[in-house]
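# Secondary and tertiary structure notes
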2 protein chains.
Amino acid sequence: MPPKAKALPSKGEKEPMKARAALLAAALTLPSAAQTDEGMWTFDNLPAQQLKERYNFVPTQEWIDHARLASVRFNDGGSGAFVSANGLVVTNHHVALGQLQKMSTKENDYVKAGFFARRPNEERPCPDLELNVLVSMEDVSARVLGAVKADAPEKTQNEQRKAEMSRIEKESTEKTKFRSDVVELYQGGEYWLYRYKKHTDIRLVMAPEAQAAFYGGDPDNFTYPRFDLDMAFFRVYEDGKPLKPKDYFRWSKDGAKDGELVFVTGHPGSTDRLNTISQLEYERDLVLPTRLKHLAVLRKAYYAYSAQSPEKARRAKDRIFGVENAIKALTGEHEGLLDAKLMAKKAADEKAFQDQVKGRADIAAGGSWDRISGVQGELARRHKQLSYRKIDGSKLAGFANTLVRYVIEVEKPNDKRWEEFRDSALESLKFRLFSPAPIYPDLEEHMLAALFQESIDELGKEDAYVKAAIGDKDPKDLANALVDGTTLADPEVRKKLVAGGRKAVEASKDPLIVWARAIDPQYRELRKWYEDDVQSVEAIEGNKIAKARFALYGKSTYPDATFTLRLSFGRVAGYELNTTTVPYKTTFYGLYDRSASFDNKPPFDLTAMLIERKGDVDLATPLNFVTTNDIIGGNSGSPVLNSAGEYVGLIFDGNIQSLVGRYAYTEDKARAVAVHSSGILEGLRKVYRMYSLADELIAP
Amino acid sequence: MPPKAKALPSKGEKEPMKARAALLAAALTLPSAAQTDEGMWTFDNLPAQQLKERYNFVPTQEWIDHARLASVRFNDGGSGAFVSANGLVVTNHHVALGQLQKMSTKENDYVKAGFFARRPNEERPCPDLELNVLVSMEDVSARVLGAVKADAPEKTQNEQRKAEMSRIEKESTEKTKFRSDVVELYQGGEYWLYRYKKHTDIRLVMAPEAQAAFYGGDPDNFTYPRFDLDMAFFRVYEDGKPLKPKDYFRWSKDGAKDGELVFVTGHPGSTDRLNTISQLEYERDLVLPTRLKHLAVLRKAYYAYSAQSPEKARRAKDRIFGVENAIKALTGEHEGLLDAKLMAKKAADEKAFQDQVKGRADIAAGGSWDRISGVQGELARRHKQLSYRKIDGSKLAGFANTLVRYVIEVEKPNDKRWEEFRDSALESLKFRLFSPAPIYPDLEEHMLAALFQESIDELGKEDAYVKAAIGDKDPKDLANALVDGTTLADPEVRKKLVAGGRKAVEASKDPLIVWARAIDPQYRELRKWYEDDVQSVEAIEGNKIAKARFALYGKSTYPDATFTLRLSFGRVAGYELNTTTVPYKTTFYGLYDRSASFDNKPPFDLTAMLIERKGDVDLATPLNFVTTNDIIGGNSGSPVLNSAGEYVGLIFDGNIQSLVGRYAYTEDKARAVAVHSSGILEGLRKVYRMYSLADELIAP
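Reading the values: rules and limits
Residues numbered from 1 in each chain as written. Chains lettered and ligands numbered in written order. Predicted model: local features only at pLDDT ≥ 70, side-chain atom pairs only at ≥ 80, totals over all residues. Heavy atoms only, no water. Contact = heavy atoms within 4.5 Å. Buried area = accessible area lost by both parts, 1.4 Å probe. Salt bridge = Lys/Arg side-chain N within 4 Å of Asp/Glu carboxyl O. Polar contact = N/O pair within 3.5 Å; in protein donor to acceptor, adjacent residues only side chain to side chain. Helix = DSSP H or I, 4+ residues; strand = E, 2+ residues; numbered from the N terminus. Nonpolar A, V, L, I, M, F, W, Y, C, P; charged D, E, K, R; others polar. Pairing = 2+ DSSP bridges. Axes fitted to C-alpha atoms, helices over the stretch in contact; angles between N-to-C directions. Left-handed = near helix turned anticlockwise from the far one by under 90°.

In this section: the interface of chain A and chain B. Taken together, the contact between chain A and chain B spans 34 residues of the former and 34 residues of the latter. Overall, the association of chain A and chain B removes approximately 2400 Å² of surface from exposure, summing both partners, and the carbon and sulfur fraction of that is 53%. The interface formed by chain A and chain B contains two salt bridges. For Lys-585 of chain A, the salt bridge identified is with Asp-599 of chain B, shortest N-O distance 2.7 Å. Joining chain A to chain B, the criterion identifies 21 residue pairs in polar contact (both at pLDDT 80 or more). Only α10 (217-220), β15 (580-582), β16 (585-587) and α24 (588-597) of chain A provide two or more residues apiece to the side of chain A that touches chain B. Looking at the side of chain A that touches chain B residue by residue, the classes come out as 15 nonpolar, ten polar and nine charged.

Residue and element names in this part refer to chain B. With respect to topology, seven strands assemble into an open sheet ordered β13-β12-β18-β19-β20-β17-β16, the strand pairing being antiparallel. The strands lining the two open edges of the sheet, one partner per strand, are β13 (566-571) and β16 (585-587). When strand polarity is set aside, the average angle formed by the axes of neighbouring strands in this sheet is 30°. Where strand β12 (residues 261-266) and strand β18 (residues 639-642) come together, three bridges link them in antiparallel fashion. Bridging across to β18, Val-264 finds its partner in Val-640. With respect to the sheet, helix α23 (residues 588-597) is in contact with β16 and β17 (622-627), its orientation differing from that of β16 by roughly 70°.

So, about the sheet that holds strand β19 (residues 647-654) of chain A. Two strands in a sheet stick together by hydrogen bonds in their backbones, pointing the same way (parallel) or opposite ways (antiparallel). Residues and elements named next belong to chain A. A sheet is described by the order of its strands in space; here seven strands give the open sequence β13-β12-β18-β19-β20-β17-β16, paired in antiparallel fashion. Of all strands in the sheet, those bounded by a partner on one side alone are β13 (566-571) and β16. If you compare each strand with its neighbour and ignore which way they point, the axes differ by 30° on average. The pairing of strand β18 (residues 639-642) with β19 spans three bridges and is antiparallel. Looking at β19, one finds that Leu-641 is bridged to Tyr-647. Together, β12 (261-266) and β13 form the strand contacts of helix α3 (residues 48-55), whose direction differs from that of β13 by roughly 15°.

The next thing to look at is the packing of helix α11 (residues 277-306) of chain A against helix α19 (residues 441-459) of chain A. Residues and elements named next belong to chain A. Across the interface, α11 lies against α19 with an axial gap of 10 Å and an inter-helix angle of 145°. Helix-helix and strand crossings are classified by hand; for α11 and α19 the assignment is right-handed. Facing α11, whose interface residues are Lys-293, His-294, Val-297, Leu-298, Ala-301, Tyr-302, Ala-304 and Tyr-305, α19 presents Asp-442, Leu-443, His-446, Met-447, Ala-450, Leu-451, Glu-454 and Glu-458.

Moving on: the side chain of Arg-195 of chain A. Residues and elements named next belong to chain A. With respect to the secondary-structure elements, Arg-195 resides in strand β8 (residues 190-199). Among the polar contacts listed, one links the side chain of Arg-195 to the side chain of Ser-172, at a separation of 2.7 Å. Excluding anything up to four places from it in sequence, Arg-195 contacts Val-133, Leu-134, Val-135, Ser-136, Glu-138, Ser-172, Thr-176, Phe-178, Arg-179 and Ser-180.

Shown next as structure tokens:
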């Protein structure tokens, strides 16, 4: 299944340095788009020509607006959709997993046992789930780019650009009360103000057992044929009552059919399709190998912790899912970049684009590729620091870092702050920072020790960060002291520190705050260098390349993914693989076959309910299916719609052949994988006996 | 599924020129065999050490003899096994297909509808099926090689060798009445006299519908997971009564289990594992591309014929199966040779072997590789003639050629004849030549026209063969005239010509006999050149290389496959593919899933009986499974045995990853695919209601 969106921060801190992968540049993808189902299209620029030519379909503005307003962003990294007049939202179980984990205890493990609210009063509030609905879009390119003075130094231009973005967001938030994000598209070619209706009173309605949702476990992840009920239902409340959304998707009577035109709305996290060759090479040779190495460290640590007791295994379950998922996804992406043919095609496209640019005296992007290439060399030089001068895998350390940065940043004028501390972002940030979700000190300590050891191993004892963060201490002793001594696990403590501001944080003797203060200078130095010397160049040169692209091709393509709402089109279609045909759908028969084929051994074992109620299920009911839609991580939970705008499926994965999609769309074997709408109904009724929930979905 | 054995002639004529692929040379495969389940072992030299070390299994001589005597060779290209005290033999449906096709008519299509003898008197005699059981094996290397005078010219040595083989066969046949074949093993390193009990009164007992046996059709061929009831039952009769074999395999109560040690006995057709690099290169660059091109011509012609009417489609069904099967198999094999890694490994092994040979003054094989390489150049020079100066796809033309050659050859002393006309081979040859199986003149005419056109296209009008075979005639007119005028479709006519001898054939005005007489000189010239200039060198140098191998390694390995009885060992085991785990078995659930997944569209549609009796079937019953056993085409129909010698499965295919096995065994993903013994029973009882047949299998 797709990793959750990488572009969206989820642990109370933004990490703009990681977002750079999706940040820049340009190549020549346009001519092919018309002949395939390629594209993650923004709602202001849907591919009318392709839809007409390939599928003879012309959506009305009403169809488009309805699709937008019934689509939901899950702010911890996924997508979803309104599917009833009473605010019911459906997404993937693996998108809900974080909330389920936070709501579970040793005694009530909703991840393992599932959750089933059979009456309204059994619906349970989520600790820190924020949903967004995109209510308006406004082109603010002229204003953002107009604020940049071309004669200023590059780092100043970068500051001017970002300051203007923050001003626009602040004005909009104050004026409309909507969450307001200025979104950079086309690598700086356009800037748009996206306003979101924000929902934070979200209650869990139903989630199946993890084993039914994630049937086949890590081996079957990114695999098709597949047999997963990867679904979860929430209800949006407003003023203590279920929301009555004007726009929601009607449930299709028959669900997806072979060959049918279908649409996916959702929030693809990030793609790197327009990256330059030098950026891709940096990605291939340094970023991805390093991340995979780091993920292997995390995996080892989580498994060692899990092995200690069933309760510890329960606590680490969503983390292990995330790590395994990321390893499989990044390995697939890395294989894409290691494919000499793909890189040769990319290089040829870039060369052809450059040649066209050379022929046009009015386009000033000739030197941009070289400058971006130069920046990659700088990044390579500090690659180890960028990768290891941080902690990634401890919630408490994340809180401590956010708190230390928070109180410093909010003292600055709004438009001088790092973007994650702008006024417009603060409400959502505090929602996460003050989350009542449980913290497991033993898990925190275990991970901190492993991560400290990793920093020592990778950076050496003489590194400034290592000296400040660890010094001569034994990683285990240090982790033990920090976790034992901190009170940050209590959300009230975190609230008080924010309320007390810089003074309170600087006076704090909490050992984790002391630790976070000690490493703050290194972080600031590295981030400043990154913004001034890397981001500024990539933004300015990227903008030139984007302009060149617009000048040569008009706005005939779509921007790289940015965890903002997109529409993709495609068709329900099997494919050829390993000398045979892979069917467009699977059925419940296949679920029982796979289980029996492995003698019901994990991870292919059936849940008690699937065994007990097998006789009730119509085994020929479609369970999962595949489409050619262009999706990526962040699309998890996206609705699949037919041309009538009806709900026919629930995206939950891409097959392994789709992972190269970060760099290039392919239609031959790459497929989006979805739960079939009929399979959802059959599961709700026959396996879970959630009759009223099923009835709500198909209510006239 | 594996192609039927290529080494065995099946159309009334041997084609020794095709057999050369399996004929020669040597490389260094031995050191690896001990660490894997590699090997198609002869029964005189089973891998005792590997079995002990890997599986702690030591078969008794009784176990070995029993396995040999209960194994059956299907002489039209497959394997089988005795499975009851009343002479019941089981093999694959696709091995039985030729007989089924010959027994079917427009009104009674047993291929489509299946065949079900519910009482003894309903068992139907097969038109021309010969089964063999290997009753004894005798090393005659000293006698064969002793007859060769080293100071004679090479072509004389070759004649001496073959003459001695024919003398041994004749003596044995006369003395024992058994079918007696001298088998060349280890590329001329050893010669063995194999004596077979021959059975020709074979009656069909049961065959499922082709759609159940070959479920998934050509797309699923060579694919796993798989859901095929690829089985057929025959009964051997002797003196009009069911044979009571002393040796037959007991049916296992539970069938194959995950991880279990299993054995396969059977008749792998041919492998090229010991070929030299120069031979493999000739194979890769000329033989396989040409054969694939020719198969494409055949395919096109068969489909054009089939499209004309349902009855024509019925008539061509087994031919299309054969062509599609061969195309998929050869494509897989060709990909193996195109794999640079595999070829580099082969080359390194050959080099290491040569280096060892150089270090030993007592081994005289130093120049053998160069001489064999030189011969490949000669073969390449006449490659087009070898490939296209013949007709391959017309039964009538095959009969005509055999008759013309027959009457000339049998006038010669026995030891001077081509091997297929030696006395020891004549009985089996006549059994096929006089077969009452139906001939379809319209199909014959259609194919002859296509094949004539192909010869013109490939050889040109000036070629001596084309001039003699076609002249200036239009291919369609010629085919029409030949088929319209001939009476060879009547087996009595063929019998009379044989009885009349050379005089009768030379006097015949039958247009096909006239045609065959006209092309006979070209065939004789080409064959003589091949035997004198190619076969002789490959045999003599191959023998030197084989001696070198024995000298360096002893008899620690197995010979290339020669459609003679072999035993392979392995274990029931799934594998990793496309990022997930492929299960060791499938179940009936999966059959119904695959059908529903394709909306029951062909070739994934279910038969009427599978639909109607679904409710009777225990869907969790194992249907197919995979093992690591080393098999290849010709093993179709082989029994899978557990260590107790019980029948646990029926080999019917190799997965696509196993096709490279012609050149090298791999254990990672290559698997033999079998019907599970429990699936066979469940199918017989619940789907076909063949209760007494099922009871016979499990009779105590």
